[in-house]
Amino acid sequence: MLFLPAAALCCLCSALVAMAAELVQDDVTLTRRVGQSVSFSCGRTDQCDGDLIRWFQKKELETFRLILVINRQTSEIKSGYNHPQKADFSAENTQNGCLLKLNRVKLDHSATYYCMCVKYAYYIFGPGSKLYVTDEQVVKPVVSVYPAASRVHLGGGSSLLCVASAMFPPGVRFSWKRQKKNGPLEDVPPAEGEQVELREPGRSASIMVVHRLHQDTYRYSCYVKHEGGTVEAQTQETQLHVETLSKTAEDGHLSLQLPTSSFSVSELPGSEVFQQSECRVKLLCLLYTVLTLKSLLYCCGLSLLMVLRNKGPSTN
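Residues numbered from 1 in each chain as written. Predicted model: local features only at pLDDT ≥ 70, side-chain atom pairs only at ≥ 80, totals over all residues. Heavy atoms only, no water.

1. Overview of the environment of V38
Residue placement: V38 occurs in strand β2 (residues 38-43). A relative accessible area of 3% places V38 in the buried class. Considered as a pair, V38 and L102 are 64 residues apart in the sequence and their alpha carbons are 5.3 Å apart. Discounting residues that sit within four places of it in the chain, V38 has contacts with L30, R32, L100, K101, L102, V105 and L131. (Helix = DSSP H or I, 4+ residues; strand = E, 2+ residues; numbered from the N terminus. Buried < 20%, exposed > 50% of the residue type's maximum accessible area, 1.4 Å probe, protein only. Contact = heavy atoms within 4.5 Å.)

Next up, the structure:
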């Protein structure tokens, strides 16, 4: 019984590892005309504990519906799950994953498709690939990066805003990279930057909060992955340097000194929504942390009570 708290902690760690894991679906969106064929890829299935990979369909305002299950070792397919379109789909294994295939696309195939497997007794999903059935042409997004002059962040940070607009289909994925002067391009470490994504009809945005400023000079780049291709946008000679920050005496703001005029988040349409969404994400993260700690303390307390109960009254 003394090992129950340790067992509970191990279970919690396994759950956190499983939650951090994710299958890979490279295609954010796929656009096809009626009658064309399409394939949805699913990668990193080698991390799954079992051999079964499940494919789900998710239409707007509907729940997830299981289409089929494929065995990643034997390629056996099971499709007896009462999906109304199960005869339209097939699947096959690849070297690094599997494919869900449609030989002839129909209008009612418009949906988002997810792959899923089991790891540490938890379900892990891919991010999903959305199928658009239309004659409309694919248009790459227009991407811009703005140094934001916003309120002072805790620890003296700064914000960068990446906006993608005027694209079709509207689905995009953001990523950030940085580069020192004459240095290699590198991903922004999670400990150095916090990212919040916001979406609304016609455009999507990613806000990166850089928490700690170094003496080095960085050029930050925003990469937007789209069906039409990946688009890169760089800050215009933005130097995140301690000496480039000047404090405005009137309202206590920090503004980045740029070769061009500073861009403020507050000047953007819907900026209040951006700031509110960022606060909501932080509150949700805090709530999740508190609930996790509460569950751990409950397990430890329950284990202690069971130990004391089994030990019985002491005798002198």
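What follows continues from the structure just given.
2. Quick notes on the confidence of the model for the protein
Here the protein averages 78 in pLDDT, and 71% of its residues register 70 or above. Between residues 1-20, whose pLDDT stays under 50, and residues either more than four places distant or in other chains, the model counts 22 contacts. (pLDDT = per-residue confidence, 0-100.)

3. So, the state of the cysteines
For the structure shown, the criterion picks out 3 disulfides. Between the sulfur of C42 and that of C115 lies a disulfide, 2.2 Å long from S to S. The S-S bond linking C42 to C115 shows a torsion near 80°; that makes this disulfide right-handed. Of this pair, C42 sits in strand β2 while C115 sits in strand β8 (residues 111-119); the two residues are 73 residues apart in sequence, bridging distant segments of the chain. In this pair, the class of C42 matches that of C115, namely buried. Through a disulfide, C162 is tied to C222; the S-S separation comes to 2.0 Å. With the S-S dihedral at roughly -85°, the linkage between C162 and C222 falls on the left-handed side. You can see C162 sitting in strand β12 (residues 158-165) and its partner C222 sitting in strand β17 (residues 218-226), a full 60 residues away along the chain. (Disulfide = S-S within 2.5 Å.)

4. Structural notes on the nonpolar core
One finds F40, W55, L100, L102, Y113 and L131 to be the most contacted residues of the largest nonpolar core, which totals 24 residues. Among the secondary structure elements, those contributing two or more residues to this core are β2, β3 (52-58), β4 (64-71), β6 (89-93), β7 (97-102), β8 and β10 (129-133). For this core, the leading source of residues is β8, giving 4 residues. Once residues lying within four places of it in the same chain are set aside, the contact partners of F40 are L30, W55, C98, L99, L100, L102, Y113, S129 and L131. V145, F174, W176 and C222 belong to the second largest nonpolar core, which has 18 residues in total. (Core = buried A, V, L, I, M, F, W, Y, C linked by side-chain atoms within 4.5 Å.)

5. Description of the side chain of S204
Within the fold, S204 resides in strand β16 (residues 203-210). A relative accessible area of 5% means that S204 is categorised as buried. Among the polar contacts made by the side chain of S204, one reaches the side chain of R199 at a distance of 3.4 Å. Setting aside residues up to four positions removed in sequence, S204 forms contacts with C162, V163, A164, M167, P170, V172, F174, L198 and R199. (Polar contact = N/O pair within 3.5 Å; in protein donor to acceptor, adjacent residues only side chain to side chain.)

6. A closer look at a nonpolar patch on the surface
Together, F64, Y123 and F125 make up an exposed nonpolar region whose accessible area comes to about 330 Å². Along the polypeptide, Y123 turns up in strand β9 (residues 122-125). According to the relative accessible area criterion, Y123 is exposed, its value standing at 59%. (Patch = residues over 30% accessible without salt bridge, like charges linked within 9 Å, V, L, I, M, F, W, Y side chains within 5 Å. Areas by Shrake-Rupley, 256 points an atom, 1.4 Å probe, with all protein chains shown as cover. Salt bridge = Lys/Arg side-chain N within 4 Å of Asp/Glu carboxyl O.)

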